[in-house]
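Fold and geometry: a report
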Amino acid sequence: MKQKAISPVDDYFKKIDLEKKEDEIIKSISQKTGFVLKEIIYKSRYFTKGVGAFVMKGEIKKEKVVVKVQGPKPEINEIDMINNFKKQNKSKLIRAPRIIKYFPRKIGQEWEVIVMEDVKGKKIIESGKLASKRQIKEFFDVWEEYKKNCVNKAWLSRPEKNISYFSSFSKLVKIREDSEGKELIKVEDEKLIKKTVLFLDRKFKKIEPVFLHGHLSCHDLIKFKGKVVIFSNLFWKYRWPLYDLVFAYEWYLLSIAHENIEKIKKQIEWWKEVMSNTKEAKKQSKNYHLALLERMTAALNLDILMIAEIKDRKKMKTILIKEIKRIRKLFN
């Protein structure tokens, strides 16, 4: 079982870009399956650079389907991740998407294809839109169900030793230095980021990594026919405890950067209140704050540059710095 999950950070440096072959890929899928394209609904970019995967809606023999084209080759592909998840999942509420067809990559081919059911459900929380406290509570009620019943047996190898957080974070710094808008991060910000990363590195070296879903965002839990379908199954991996609790919060926070400051502050208040009251956060208070600190630092270093408007980036930068300093004080 010497396998590990895909790493978008490592793949960034491989300069992968499926967008250049998009028409060729769609034509190939159509010839094999009779797929009729309706629309491309999502493109997974490497921090605004090349496309590593894209997702389409359409029909095959009048059945509505979703087709995912995956570029970079992981050690264990998504179809195996989904099958392994299904084998150990004990939840009566949460399930993986149904797979209709799978076309593995061939020699010399740079992609594989998964044809899935078209889940016409509703996200519990919509990225980019203000959430009610009830919606946030519902999201983390589902999260608690996932934590209790969806992660019963790891199917990937545990890392032989704790990965150096400083080393892995250094790659994110290099990506930021190669990104448009990098001038947003000033010298004093660099110092804060480095100081925080070194602190986290010392802490994470002493903590056993946990097997979890490493990409559990608002996009990845969809209510459908009385169930919740879990997506982004390519990203099951080992991380520090409660990474999966705070991941959605970070990306949701960045998605509402266009809102006024008071509305953003209210969302921060509600999200932190609900997250901190989950059973796991109560049980692992220090790990919760470390996980939160890590996501706020990652957001300040690079993820903040995904925000479209410069004025909104500056607004969010002020919020993130305040949060980082607040959490650091908890460990003094």
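To be clear, the structure that these remarks concern was listed above.
All figures in this text were calculated on a predicted structure; none of them were measured in a lab. Each chain has its residues counted from 1, running along the sequence as written. For this predicted model, a pLDDT threshold of at least 70 governs which residues receive local features, and a threshold of 80 or more governs which side-chain atom pairs are given and counted, while totals over whole chains, interfaces and linings are taken from all residues. With hydrogens and water excluded, all non-hydrogen atoms of the structure serve as input to the side-chain values.

Right, let's get into the overall build of the chain. Along its length, the chain carries eleven helices and eleven strands. The C-alpha radius of gyration of the chain comes to 20 Å, within 12% of the 20 Å expected for a compact globule of 332 residues. With the principal axes as the frame, the chain shows a C-alpha extent of 60 × 45 × 45 Å. Out of the 332 residues in the chain, the part that is buried amounts to 53%. Contacts are assigned to residue pairs with any non-hydrogen atoms lying within 4.5 Å of each other. The long-range fraction of contacts in the chain, counting pairs at least 24 apart against all pairs at least 6 apart in sequence, stands at 74%. When the accessible surface of the chain is split by element, carbon and sulfur atoms take 52% of a total near 16800 Å². Counting from the N terminus, the helices are the DSSP runs of H or I reaching at least four residues and the strands are the DSSP runs of E reaching at least two. What the globule rule says is 2.2 Å times the number of residues to the power 0.38, and the radius of gyration is computed from C-alpha atoms. For each residue, the accessible area found with a 1.4 Å probe, counting protein chains only, is set against the maximum for its type, and the residue is called buried under 20%, exposed over 50%, and partly exposed in between. Areas reported as accessible are Shrake-Rupley estimates using a 1.4 Å probe. Residue values count occlusion only from the protein chains shown.

Under the 1.5 Å per step criterion, the end-to-end length of helix α11 (residues 310-329) is 29 Å for 20 residues, consistent within 8% with the ideal 28 Å. By the burial criterion, the buried members of α11 are Asp312, Arg313, Met316, Lys317, Ile319, Leu320, Ile321, Glu323, Ile324, Ile327 and Arg328. Contacts made by the buried residues of α11 are with α6 (187-204), α7 (243-255), α8 (261-276) and α10 (285-301). Residue count minus one, scaled by 1.5 Å, sets the expected span of a helix.

This paragraph deals with the layout of surface pockets. Estimated volume of the second largest pocket: approximately 210 Å³. The distinction between a cavity and a pocket rests on a 1 Å grid over the protein atoms alone: a 1.4 Å probe fits inside a cavity but cannot get out, while a pocket stays open yet meets protein on both sides within 12 Å along at least five of seven lines, and a residue with an atom within 4 Å of a point counts as lining. Taken together, Ile261, Lys265, Ile268, Lys272, Thr318, Ile319, Lys322, Glu323 and Arg326 make up the lining of the second largest pocket. Those elements giving two or more residues to the lining of the second largest pocket turn out to be α8 and α11. Only Asp, Glu, Lys and Arg are considered charged, only Ala, Val, Leu, Ile, Met, Phe, Trp, Tyr, Cys and Pro nonpolar, and every remaining residue, Gly among them, polar. When its residues are assigned to classes, the lining of the second largest pocket shows three nonpolar, one polar and five charged. Grid points are joined across faces, edges and corners, and a volume is the space filled by probe spheres set on the points.

Working convention: axes come from line fits to C-alpha atoms, limited for helices to the stretch in contact. Angles between N-to-C directions cover 0 to 180 degrees. Viewed as axis vectors pointing N to C, α7 and α8 meet at an angle of 175°, and their least axial separation amounts to 11 Å. Taken together, the axes of α7 and α8 lie roughly antiparallel to each other. Every residue of α8 that contacts α7 at Leu245, Val246, Ala248, Tyr249, Tyr252 and Leu253 is listed here: Ile264, Gln267, Ile268, Trp271, Lys272 and Met275. Residues belonging to the contact of α7 with α8 are distributed by class as follows: ten nonpolar, one polar and one charged. Put simply, angles under 35 degrees are roughly parallel, angles over 145 are roughly antiparallel, angles from 65 to 115 are roughly perpendicular, and the rest are oblique.

Moving on to the sheet that holds strand β5 (residues 99-103). Overall, antiparallel pairing links the five strands, which are arranged β1-β2-β3-β6-β5 in an open sheet. Strands at the two margins of the open sheet, each flanked by one partner only, are β1 (36-45) and β5. Strand-to-strand, the axes of this sheet are offset by a mean angle of 20°, without reference to chain direction. Sitting on the sheet, helix α2 (residues 22-33) is in contact with β1, β2 (51-60), β3 (63-70), β5 and β6 (112-117), with an inclination near 35° to β2. For two strands to be treated as a pair, DSSP must find at least two bridges joining them.

Right, let's talk about the pattern of salt bridges for a bit. When a carboxyl oxygen of Asp or Glu is within 4 Å of a side-chain nitrogen of Lys or Arg, the pair counts as a salt bridge. Within the structure shown, the criterion is met by 26 salt bridges. Of the charged contacts in the structure, one is a salt bridge between Glu59 and Lys64, with a shortest N-O distance of 3.3 Å. Relative accessible area serves as the criterion here: at 31%, Glu59 is assigned to the partly exposed category. Since its relative accessible area comes to 41%, Lys64 is described here as partly exposed. When salt bridges with common partners are traced through the structure, they connect Glu19, Glu22, Lys43 and Arg45 into a single cluster.

This part takes up the pairing of β2. β2 sits mainly inside the fold: eight of its ten residues count as buried. One ladder, built from eight bridges, connects β2 with β3; its direction is antiparallel. In the strand pairing of β3, Val55 is matched with Lys68. Once β2 ends, the chain turns through two residues before running back antiparallel as β3, passing Lys61 with a positive phi of about 50°.

Nonpolar side chains in soluble globular proteins generally cluster together in the buried interior. Think of a nonpolar core as a cluster: buried Ala, Val, Leu, Ile, Met, Phe, Trp, Tyr and Cys residues, connected wherever their side-chain atoms sit within 4.5 Å. The biggest cluster of nonpolar side chains holds 80 residues, and the ones touching the most others in it are Ile125, Phe140, Tyr146, Leu245, Trp271, Met316 and Leu320. In contact with Leu245, other than residues within four places in its own chain, are Phe140, Trp143, Met275, Thr278, Ala281 and Tyr288. Counting 15 residues, the second largest nonpolar core, distinct from the first, contains Ile29, Phe35, Phe54 and Val67.

With that settled, the discussion passes to the side chain of Ser232. The topology assignment puts Ser232 in the loop between β10 (227-230) and β11 (236-239). Residues contacting Ser232, with those up to four places away along its chain left out, are Glu78, His213, His215 and Asp220.

The patches reported here contain residues having more than 30% relative accessible area and no salt bridge. Joining distances are 9 Å for like charges and 5 Å for nonpolar side chains (Val, Leu, Ile, Met, Phe, Trp, Tyr). Charged residues are defined narrowly, with Lys and Arg counted positive, Asp and Glu counted negative, and His plus the chain ends left uncounted. Charged groups are reduced to one reference atom each: NZ for lysine, CZ for arginine, CG for aspartic acid, CD for glutamic acid. Residues Arg202, Lys203, Lys206 and Lys286 make up a contiguous surface patch of positive charge. Looking at the secondary structure, you find Lys203 in helix α6. For Lys203, a relative accessible area of 32% gives the class partly exposed.

On to α10. Taking 1.5 Å as the rise per residue, α10 with 17 residues should run 24 Å; its terminal C-alpha atoms sit 24 Å apart, in good agreement. Counting buried positions along α10 yields 15 of 17 residues, so the element is predominantly enclosed.

A separate point is the state of the cysteines. The rule for a disulfide is simple: a pair of cysteine sulfur atoms within 2.5 Å. Taken as a whole and assessed by the stated rule, the structure comprises zero disulfides. Cysteine Cys150 shares no disulfide, and the gap to the nearest cysteine sulfur, in Cys218, comes to 17 Å. The buried category is assigned to Cys150, whose relative accessible area is 0%.

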